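# Coordinate analysis (summary)
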Amino acid sequence: MPNVSSVSEFLLLAFADTRELQLLHFVLFLGIYLAALLGNGLILTAVACDHRLHTPMYLFLFNLAVLDLGSISTTVPKAMANSLWDNRVISYEACAAQLFLFDFLVLAEYCLLTIMAYDRYVAICKPLHYGSLLGSRACGQMAAAAWGSGFLHGVLHTANTFSLPLCHGNAVEQFFCEIPQILKLSCSDAYLREVGAPVFSIFLAFGCFVFIVLSYVQIFRAVLRIPSQQGRHKAFSTCLPHLAVVSLFMSTIIFAHLKPPSISSPSLDVVLAFLYSVVPPVVNPFIYSMRNKEIKVAMWKVMTGCFSSAIYCPPFSVNHS
């Protein structure tokens, strides 16, 4: 049996060895991070300050922007600091906190995207019941359930992962701390831990996936029954941003964690981790604003300073007008 070592810090993956490339990585990450802050910040401000956007769909979009800001702020600033200061070290406690926050926020986002699929289902398939099914209280409870599920998931997996003794060094083959990379350092039964740890995640993720698929099957059936082409186009256009965000989010995570071992490599793992941890928070605001006139107008007002209530935003209350 390998020797068990006491680990007080971890070494994250270095993107480059030369100083010039390290600074280039810092600049690229800084640009990406600022783009995410700008896009999600505009959505948060627009939804909070425009009473016309105080509807269930935009309440969920507001929560999505908060989760995106949280997830990218969990990973990218540390990677930027490492590149800038040529330092790969992250303390044991900071690594555990990073793993917990990222796991918590990503799972909460997945649950929220599932709720947003339900929102689109009710809006298109049961429009007359939209107000009763998605009132202020129901929306708040669903959003709280998404956050609560993510928190519980993060606590369970962080406690399980860091309860394992480590005996394969402290070098993490990733630019942030995540469960699969920490498990590789464990000296417990690797097979049982690799399979047993994510059982809860698999059941939850599969349940959400089935719910999203069934929701969109019903949505497409309802849309295809709309007699006018203009009506079908309008109905589809309200679903396309959510469908694009879900597809991007799920495809990268599924491929990253279920890819065949034969094609696995450290460089591929880094690329996939970048795609599911960094890209969605940056592109989600643009996906939602691209085809949505209301959010586009509200964001433009924020950018041009045309809000009369630029400093004070009214309390968020869901309306269905």
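Notes on the structure in this doc start here. The model shown is predicted, which means the values in this text are computed figures rather than measured ones.

A tally of regular secondary structure across the chain gives 12 helices and 2 strands. When each of the 321 residues of the chain is scored for burial, the buried share is 45%. The contacts in the chain between residues at least 6 apart in sequence include a share of 78% that link residues at least 24 apart. Split by element, the accessible area of the chain, about 15,900 Å² in all, is 68% carbon and sulfur.

For the rest of this paragraph, the subject is the nonpolar core. Phe-60 and Ile-295 are the most contacted members of the largest nonpolar core, which has 71 residues in total. Here this core takes 17 residues from helix H3 (residues 92-125), the largest share from any one element. Setting aside residues no more than four positions away along its own chain, Phe-60 makes contact with Leu-112, Ile-115, Met-116, Asp-119, Leu-134, Cys-139 and Met-142.

One can describe the packing of helix H9 (residues 229-258) onto helix H10 (residues 266-277) by two numbers: an axis separation of 9 Å at closest approach and a directional angle of 150°. The pairing of H9 with H10 is recorded here as roughly antiparallel in orientation. In the crossing of H9 with H10, the sense of the turn from one axis to the other is left-handed. Here Thr-252, Ile-253, Phe-255, Ala-256 and His-257 of H9 lie close against H10, whose contacting residues are Leu-272, Leu-275 and Tyr-276.

Attention shifts here to empty space enclosed by the protein. Vacant regions in the atomic arrangement are exposed by a probe of water-molecule size rolled over the atoms. One pass over the structure, following the stated rule, counts 1 cavity of 30 Å³ or more. Taken together, Asp-68, Ser-71, Phe-102, Val-106, Glu-109, Phe-249, Tyr-276, Ser-277, Pro-280 and Pro-281 form the lining of the largest cavity. Contributions of two or more residues to the lining of the largest cavity are made by helix H2 (56-85), H3, H10 and helix H11 (279-290). With 3 residues, H3 is the largest single contributor of residues to the lining of the largest cavity. The residue makeup of the lining of the largest cavity, split by class, is 6 nonpolar, 2 polar and 2 charged.

Tracing the backbone shows Asn-63 in helix H2. Among the residues examined, Asn-63 registers a relative accessible area of 11% and is labelled buried. Within the local environment of Asn-63, its side chain forms a polar contact with the backbone oxygen of Leu-59, the two atoms lying 2.9 Å apart. A distance of 2.9 Å separates the side chain of Asn-63 from the side chain of Trp-147, its partner in a polar contact.

On the surface, Phe-206, Phe-209, Val-210, Val-213, Leu-214 and Val-217 cluster together to form a nonpolar patch covering roughly 510 Å² of accessible area. Mapping Phe-209 onto the fold places it in helix H8 (residues 199-224). Exposure remark for Phe-209: the relative accessible area of 36% places this residue in the partly exposed category.

Okay, the packing of aromatic side chains next. Inspection of every chain in the model, using the stated rule, returns 19 aromatic pairs. With a centroid separation of 6.4 Å and 35° between ring planes, the pair formed by Tyr-118 and Tyr-121 is classed as tilted. Here Tyr-118 pairs with Tyr-121, and both are found in helix H3, just 3 residues apart, close to one helical turn. A relative accessible area of 21% places Tyr-118 in the partly exposed class.

Moving on, we come to the state of the cysteines. This structure, assessed with the given rule, holds 1 disulfide. The residue that forms a disulfide with Cys-95 is Cys-177, at a sulfur-sulfur distance of 2.0 Å. Judged by the torsion about the S-S bond (-120°), the Cys-95/Cys-177 disulfide is left-handed. Residue Cys-95 is located in helix H3, and its partner Cys-177 is located in the loop between helix H5 (136-162) and helix H6 (179-183); the two are separated by 82 residues in the primary sequence. The buried category is assigned to Cys-95, whose relative accessible area is 0%. The class of Cys-177 is buried, set by a relative accessible area of 0%. The structure places no disulfide on Cys-111, whose sulfur is separated from the nearest cysteine sulfur, that of Cys-208, by 4.5 Å.

Cut-offs and rules
- Residues numbered from 1 in each chain as written.
- Predicted model: local features only at pLDDT ≥ 70, side-chain atom pairs only at ≥ 80, totals over all residues.
- Heavy atoms only, no water.
- Helix = DSSP H or I, 4+ residues; strand = E, 2+ residues; numbered from the N terminus.
- Buried < 20%, exposed > 50% of the residue type's maximum accessible area, 1.4 Å probe, protein only.
- Contact = heavy atoms within 4.5 Å.
- Areas by Shrake-Rupley, 256 points an atom, 1.4 Å probe, with all protein chains shown as cover.
- Core = buried A, V, L, I, M, F, W, Y, C linked by side-chain atoms within 4.5 Å.
- Axes fitted to C-alpha atoms, helices over the stretch in contact; angles between N-to-C directions.
- Parallel < 35°, antiparallel > 145°, perpendicular 65-115°, else oblique.
- Left-handed = near helix turned anticlockwise from the far one by under 90°.
- 1 Å grid on protein atoms, 1.4 Å probe; cavity = no way out; pocket = protein on both sides within 12 Å on 5 of 7 lines; lining within 4 Å.
- Points joined across faces, edges and corners; volume = space filled by probe spheres on them.
- Nonpolar A, V, L, I, M, F, W, Y, C, P; charged D, E, K, R; others polar.
- Polar contact = N/O pair within 3.5 Å; in protein donor to acceptor, adjacent residues only side chain to side chain.
- Patch = residues over 30% accessible without salt bridge, like charges linked within 9 Å, V, L, I, M, F, W, Y side chains within 5 Å.
- Salt bridge = Lys/Arg side-chain N within 4 Å of Asp/Glu carboxyl O.
- Phe/Tyr/Trp six-rings, centres within 6.5 Å; stacked < 30°, edge-to-face > 60°.
- Disulfide = S-S within 2.5 Å.

What is shown is where atoms sit, not what they do.
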